[in-house]
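# Notes for the structure review
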Amino acid sequence: MKRLFIPLLLVLVSLSMSAQQAKKWYENIHFSGYGMVQYQASDQEDAKSNSFNLRLVRLALEGRVLSDFYWKAQMQINGNTYDPDKSKTDIRLVDLFGEWQKYEFFKVKAGQFKRPFTFENPMHPITQGFMSYSQNVTKLAGFSDRTGEQGSNGRDIGVQVQGDFLKNSSGRNLLHYQVGVFNGEGINQKDRDNRKDFIGGLWVMPVKGMRLGVFGWTGSRANVGEKNRYALSAEYASNDWTFRSEYIHSQGWNASQTSDKADGIYVLTIAPVIKNRFHVKARYDLYRDRAEWGSAKTFYEIGADYIFNKNLQINVEYARVNDRNIANPDKHNYNLFDAQLDIRF
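The rules behind the values
Residues numbered from 1 in each chain as written. Predicted model: local features only at pLDDT ≥ 70, side-chain atom pairs only at ≥ 80, totals over all residues. Heavy atoms only, no water. Helix = DSSP H or I, 4+ residues; strand = E, 2+ residues; numbered from the N terminus. 1 Å grid on protein atoms, 1.4 Å probe; cavity = no way out; pocket = protein on both sides within 12 Å on 5 of 7 lines; lining within 4 Å. Points joined across faces, edges and corners; volume = space filled by probe spheres on them. Nonpolar A, V, L, I, M, F, W, Y, C, P; charged D, E, K, R; others polar. Buried < 20%, exposed > 50% of the residue type's maximum accessible area, 1.4 Å probe, protein only. Polar contact = N/O pair within 3.5 Å; in protein donor to acceptor, adjacent residues only side chain to side chain. Contact = heavy atoms within 4.5 Å. Phe/Tyr/Trp six-rings, centres within 6.5 Å; stacked < 30°, edge-to-face > 60°. Lys NZ or Arg CZ within 6 Å of the ring centre and 35° of its normal. Salt bridge = Lys/Arg side-chain N within 4 Å of Asp/Glu carboxyl O.

Once that is clear, we can look at the environment of Glu-27. Along the chain, Glu-27 falls in helix α1 (residues 2-27). Here the alpha-carbon distance between Glu-27 and Arg-64, two residues 37 residues apart in the chain, equals 9.9 Å.

This is the structure:
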């Protein structure tokens, strides 16, 4: 009996420990999501519009396996908002990755996630501050990319290492680096030309709230050819004030093979009227698809937001748009109004 009891006890202890570990893993899973309801109106001649829209609807699961491994899976359920066919709806996987985070100065991420290019690209759509990401980020960081890849919300499949180091006397890191290798085709796509994209960034944080960064990207896309891009970025965010500007330059053909170069810059300010509650904002947003003024599209934006609580926010914006790509010079300028209700859960 004793011979049977001891092995049985060991089995029960093992099962109990496994059950406890499983319970801890289960309890560590976090479910979240958000929705962005939009109304937008434009008086552009020959293209007037006004419409309600579900800009984004996302559901996410995230958690940890042991203490050093973080994972996340995120679905977009309202379709591809960057597809020209705005009526198209589907369910899309946008994030699926795991990251080993044992060391602050050396973390390894693998899967599908945001490309490590520019400050704005990795930002949450709500907290980036405006009715949409800037034009240069949208066109040159893989949202509605000029190379013609499918709308990918700034993401790709690959492996990345990143970290923070060089602490000052107060324990704050002064340097950050990130570098990754990717398919170069966007989300949910295998590499079609077997040539990888290499993307990296380095920034310094000389004072609290300030980041000064440089980014580089070299790679290719099937049927389009090589692409080489760099970005210069600056941000100061402190005491509920935000100042941010980024310039991006791209060399490499667009999808129609009509332009080898493109560039763009934005400059923005977000200022508190009531701290952490009510803000006013302004943005200058320029993109040139041929890196020349004849292809310039510029948004001059002003707006405001009101944060009711961490789960509910409303935003309004007005933009004067100058689009020199329109053939008739008399139609270059038009007005745009945007209002959005953001819900987190």
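Quick look at the layout of surface pockets now. Volume-wise, the second largest pocket comes out at about 740 Å³. Taken together, 33 residues form the lining of the second largest pocket, with Lys-72, Phe-97, Lys-114, Pro-122 and His-124 sitting closest to its centre. Of all the elements in the fold, those that place two or more residues in the lining of the second largest pocket are β1 (30-42), β2 (49-65), β3 (69-76), β4 (92-103), β5 (106-114), β6 (155-167) and β7 (173-182). Grouping the constituent residues of the lining of the second largest pocket by class yields 10 nonpolar, 11 polar and 12 charged.

A separate point is the side chain of Asp-156. The topology assignment puts Asp-156 in strand β6. The exposure class of Asp-156 is buried, given its relative accessible area of 0%. For Asp-156, the side chain forms a polar contact with the main-chain nitrogen of Gly-186, separated by 3.4 Å. If we skip the residues at most four places from it in the chain, Asp-156 touches Gly-111, Gln-112, Phe-113, Arg-115, Phe-182, Asn-183, Gly-184, Glu-185 and Gly-186.

Before going further, it helps to examine the side chain of Glu-235. Structurally, Glu-235 is set in strand β10 (residues 225-238). Within polar-contact distance, the side chain of Glu-235 engages the side chain of Arg-211 at 2.8 Å. Within polar-contact distance, the side chain of Glu-235 engages the side chain of Arg-244 at 3.4 Å. Apart from residues lying up to four places away in sequence, Glu-235 is in contact with Phe-119, Met-123, Gly-209, Met-210, Arg-211, Thr-242, Phe-243 and Arg-244.

Another aspect to go through is the environment of Leu-212. Along the polypeptide, Leu-212 turns up in strand β9 (residues 210-221). In this structure Leu-212 comes out as partly exposed when scored by relative accessible area, which is 39%. Here the alpha-carbon distance between Leu-212 and Tyr-236, two residues 24 residues apart in the chain, equals 8.8 Å. Leu-212 has contacts with Phe-119, Leu-202, Trp-203, Val-204, Pro-206, Ser-233 and Ala-234, leaving out every residue within four places of it along the chain.

With that settled, consider the packing of aromatic side chains. The description of an aromatic ring pair uses the distance of the two centres, along with the angle that the planes make with each other. Per the stated rule, a full pass over the model turns up 19 aromatic pairs. Seen in terms of ring centroids, Phe-97 and Phe-113 are 5.9 Å apart; in terms of plane orientation they differ by 75°. Their pairing is edge-to-face. Highlighted residues: Phe-97 in strand β4 and Phe-113 in strand β5, separated in sequence by 16 residues. As far as burial versus exposure is concerned, Phe-97 and Phe-113 are alike and both buried. Look at Phe-117 and Phe-215: their rings are 6.2 Å apart centre to centre, the planes differ by 70°, and that puts the pair in the edge-to-face class. Here the residue Phe-117 occupies a position in the loop between β5 and α2 (135-140), and Phe-215 occupies one in strand β9, the gap between them amounting to 98 residues. With relative accessibility at 4%, the residue Phe-215 sits in the buried group. Put simply, the rings of Phe-117, Phe-119, Trp-203, Phe-215 and Trp-217 touch in pairs and so form one group of aromatic residues. Its guanidinium or amino end placed over the ring of Trp-203, Arg-211 lies 5.2 Å from that ring's centre, counting from NZ or CZ. We note Lys-281 situated over the ring of Phe-130; from NZ or CZ to the ring centre the distance is 5.5 Å.

Once that is clear, we can look at empty space enclosed by the protein. Scanning the model with the defined rule gives 2 cavities of 30 Å³ or more in all. If you go around the largest cavity, you meet 14 residues; those closest to its centre are Phe-130, Met-131, Asn-315, Glu-317 and Gln-340. Breaking the lining of the largest cavity down by element, the ones donating at least two residues are β15 (312-323) and β16 (333-344). When its residues are assigned to classes, the lining of the largest cavity shows 6 nonpolar, 3 polar and 5 charged. Of the voids in this model, the second largest cavity is the one considered here, and its volume is about 60 Å³. Considering each element in turn, the lining of the second largest cavity owes the most residues, 3 residues, to β2.

This next bit is on unusual backbone geometry. In this structure, Asp-240 takes a positive phi of about 75° despite not being glycine. As for its position among the elements, Asp-240 is in the loop between β10 and β11 (241-251). Even without a glycine there, the phi angle at Gln-257 is positive, about 60°. Here Gln-257 lies in the loop between β11 and β12 (261-274).

Once that is clear, we can look at the pattern of salt bridges. Evaluated as defined, the whole model comprises 19 salt bridges. Taking the shortest distance from any N to any O, the salt bridge between Asp-156 and Arg-115 comes out at 3.0 Å. Of this pair, Asp-156 sits in strand β6 while Arg-115 sits in the loop between β5 and α2, and the two are 41 residues apart along the sequence. Between Arg-221 and Glu-185 there is a salt bridge, and its shortest N-O distance comes to 3.7 Å.

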